[in-house]
Amino acid sequence: MRERDCVTMLDPFNIKYGKEVTAGLSLLSVVLDVAWVASILSSLGGTMSVVLDLSFSLCIWISSAVAIIYTLMGGLYSVAYTDIIQLILIFIGLIICVPFVLMSPYTMDISQTLMNNTLHAPWIGQLELKNIWIIIDDVLFFTLGGLGYQSFHQRTLSASSASSAKLTCFVAAFLLLVFAIPPVLIGMAAASTDWNQTTYGSPSPYERGENARVLPIAMQHLTPAFISAVGIGSVAAAMMSSADSALLSGGSVFTANIYRTILRPQASDKENEWVVRASVVVVGLVGTSLTMLNKSILVFWLFSNEVAYITVFPELFCVLFFSISNGYGAIMGVLVGLVLRLLSGDTSLGLEPIIHFPGCTLEDGVYVQYAPVKTISMLAAIASILLFSYVASILFNKDILPEKWDVFKVKAQHSPVPLTPVGGAAGDNENEALSNNIFSEQRLHN
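Note that the structure is predicted; figures quoted are calculated from it, not measured.

**With respect to the overall build of the protein**
Link 1 in the chain: Secondary structure assignment for the protein yields 14 helices and 2 strands.
Link 2 in the chain: Across the 446 residues in the protein, those meeting the buried criterion constitute 47%.
Link 3 in the chain: The long-range fraction of contacts in the protein, counting pairs at least 24 apart against all pairs at least 6 apart in sequence, stands at 76%.
Link 4 in the chain: When the accessible surface of the protein is totalled, it reaches about 21,400 Å², and 68% of it is carbon and sulfur.

**Some words on the packing of aromatic side chains**
Link 1 in the chain: Under the defined criterion, the tally for this structure stands at 12 aromatic pairs.
Link 2 in the chain: Between F141 and F142, the aromatic rings sit 5.2 Å apart at their centres with planes inclined by 50°, giving tilted as the arrangement.
Link 3 in the chain: Judged by relative accessible area, which is 4%, F141 ranks as buried.
Link 4 in the chain: We classify F142 as exposed; its relative accessible area is 54%.
Link 5 in the chain: Where F141 meets Y309, the ring centres are 5.5 Å apart and the plane angle is 70°; that geometry is what we call edge-to-face. With F141 in helix α4 (residues 132-144) and Y309 in helix α11 (residues 297-321), this pair connects stretches of sequence that are 168 residues apart.

**Brief notes about the layout of surface pockets**
Link 1 in the chain: There is about 590 Å³ of room inside the second largest pocket.
Link 2 in the chain: What lines the second largest pocket is a set of 20 residues, among which M1, F152, H153, T156 and L320 lie closest to the centre.
Link 3 in the chain: Class assignment for the residues of the lining of the second largest pocket results in 14 nonpolar, 2 polar and 4 charged.

**Points about the nonpolar core**
Link 1 in the chain: F13, I186, W195, V235 and L247 are the most contacted members of the largest nonpolar core, which totals 66 residues.
Link 2 in the chain: Ranked by the residues each element gives to this core, the list is headed by helix α2 (residues 19-52), at 13 residues.
Link 3 in the chain: Within the second largest apolar cluster, 8 residues are counted, among which are Y309, F313, C318 and I385.

**A word on the confidence of the model for the protein**
Link 1 in the chain: Per-residue confidence for the protein gives a mean pLDDT of 80; residues scoring 70 or more make up 87%.
Link 2 in the chain: Considering only residues more than four positions removed or in separate chains, one finds that residues 414-446, a stretch of pLDDT under 50, has 66 contacts.

**Regarding the pattern of salt bridges**
Link 1 in the chain: Applying the stated criterion to the full structure yields 7 salt bridges.
Link 2 in the chain: K130 is the salt-bridge partner of E128, the closest N and O atoms lying 3.8 Å from each other.
Link 3 in the chain: Of the charged contacts in the structure, one is a salt bridge between R341 and E306, with a shortest N-O distance of 2.6 Å. On the criterion of sequence distance, the pair formed by R341 in helix α12 (residues 327-344) and E306 in helix α11 is long-range, its members being 35 residues apart. Comparing R341 with E306 shows no difference in burial state: the two are buried.
Link 4 in the chain: Shared partners join several salt bridges into a network, and the residues in it are E128, K130 and E363.

**Observations regarding the packing of helix α6 (residues 162-179) against helix α7 (residues 181-190)**
Link 1 in the chain: Taken N-terminus to C-terminus, the directions of α6 and α7 make an angle of 20°; their axes are 5 Å apart at the nearest point. What the angle tells us is that α6 and α7 run roughly parallel. Across from L177, V178 and F179 in α6, the residues of α7 making contact are I181, P182 and P183.
Link 2 in the chain: Here the residues of the contact of α6 with α7 sort into 6 nonpolar, no polar and no charged.

**What to know about a nonpolar patch on the surface**
Link 1 in the chain: On the surface, I84, I85, I88, L89, I92, I96, F100 and V230 cluster together into a nonpolar patch covering about 670 Å² of accessible area.
Link 2 in the chain: Mapped onto the elements of the fold, I85 is located in helix α3 (residues 56-102).

**Focus on unusual backbone geometry**
Link 1 in the chain: Cis rather than trans, the peptide bond between S202 and P203 has omega equal to -5°.
Link 2 in the chain: Among the secondary structure elements, P203 is positioned in the loop between α7 and α8 (214-222).
Link 3 in the chain: Despite not being glycine, D399 has its phi angle at roughly 60°, a positive value.
Link 4 in the chain: Among the structural elements, D399 can be located in the loop between α13 (373-397) and α14 (425-438).
Link 5 in the chain: The backbone of K409 sits at a positive phi, close to 55°, despite the residue not being glycine.
Link 6 in the chain: Position of K409 relative to the elements: it lies in the loop between α13 and α14.

Rules behind the numbers
Residues numbered from 1 in each chain as written. Predicted model: local features only at pLDDT ≥ 70, side-chain atom pairs only at ≥ 80, totals over all residues. Heavy atoms only, no water. Helix = DSSP H or I, 4+ residues; strand = E, 2+ residues; numbered from the N terminus. Buried < 20%, exposed > 50% of the residue type's maximum accessible area, 1.4 Å probe, protein only. Contact = heavy atoms within 4.5 Å. Areas by Shrake-Rupley, 256 points an atom, 1.4 Å probe, with all protein chains shown as cover. Phe/Tyr/Trp six-rings, centres within 6.5 Å; stacked < 30°, edge-to-face > 60°. 1 Å grid on protein atoms, 1.4 Å probe; cavity = no way out; pocket = protein on both sides within 12 Å on 5 of 7 lines; lining within 4 Å. Points joined across faces, edges and corners; volume = space filled by probe spheres on them. Nonpolar A, V, L, I, M, F, W, Y, C, P; charged D, E, K, R; others polar. Core = buried A, V, L, I, M, F, W, Y, C linked by side-chain atoms within 4.5 Å. pLDDT = per-residue confidence, 0-100. Salt bridge = Lys/Arg side-chain N within 4 Å of Asp/Glu carboxyl O. Axes fitted to C-alpha atoms, helices over the stretch in contact; angles between N-to-C directions. Parallel < 35°, antiparallel > 145°, perpendicular 65-115°, else oblique. Patch = residues over 30% accessible without salt bridge, like charges linked within 9 Å, V, L, I, M, F, W, Y side chains within 5 Å.

And the structure:
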């Protein structure tokens, strides 16, 4: 993608499938970014309301305004440089909070509560053989699902070189494990705390259904006020770091793959720059409005991540590595993946399974799927893309169906070179112009 001067992850689709299919996938990508913004702001609003004792709605709108403004002012530069600052603040802030939480007079030694049922159930949990496929499913989901987000690819495509992009990914993978240590320790301490002796009181956050907010609750009630302020600032920085990425992602995808390609191909560079800014505002406002639906953070998070894993990742995988893929297969892949996942059910979303995979059991009146349903849906999407692409290619290339029915121009597609546009060098020059002029800020030179 970098070698072909792609600006967004949707550019390969535009080159190979055409603007119609790309527009549909672009809308899907924008919807994912909007849901991701809603998830981040819901989490941030809940955290700020716990510590600052402000209303949930007010915290969300203030956070949204800040994220939108500094994304508009700096573009990718603001996202990149503020992310560096935020990452430092996150780690330092949480590290400062950890000793105070662990040494709180209300917190027992976490080694004693590891396996013992003292104040609460043991926090270590157990691995059961029946959950092995669910664990494998989640590992693949978390490993590959992020590849379906433009916010990830905008970093690799805007890096100064391919080696720099690779290095960034490897360093981020290592830092992800390191940065997980402080919140895990705080969670262990929260599970070892006698909440009845704290200002929080009984019952515990878990029993009140506030386990999703246990991090800010622990910082507020188990640390001094000034330490709590440092901790909540680091948590806010983490969430804002993701919010600005999602905002810029949605704006750039809409402008590059919908507005410039379909709505106004003749638009000037200046006009496109203003469309990017307007799109950032719209994505932010829509995402903020969704938080008013009083839905759980988990709902938005599951929706955006599973759709990315089940639809966008298979599409990107096939368009880059399989020359046979075409627009017909792309459409069928989205439909098959989404329908199969919905028919598989989801307890967290309240969906009853219609398809019962092997191992599906009835527990407490609810059917639980122990099969890797997310990965099955993802693989089904890949198989559908390749199968229907092959069938469509045979039907049109062998003149079984008339060429006038070939909406996506399969016969004109140069299969041996999957990312070479039909127009040859013109397509490359067009993307290069887009990269250099419209989104020139997306090239950060070291």
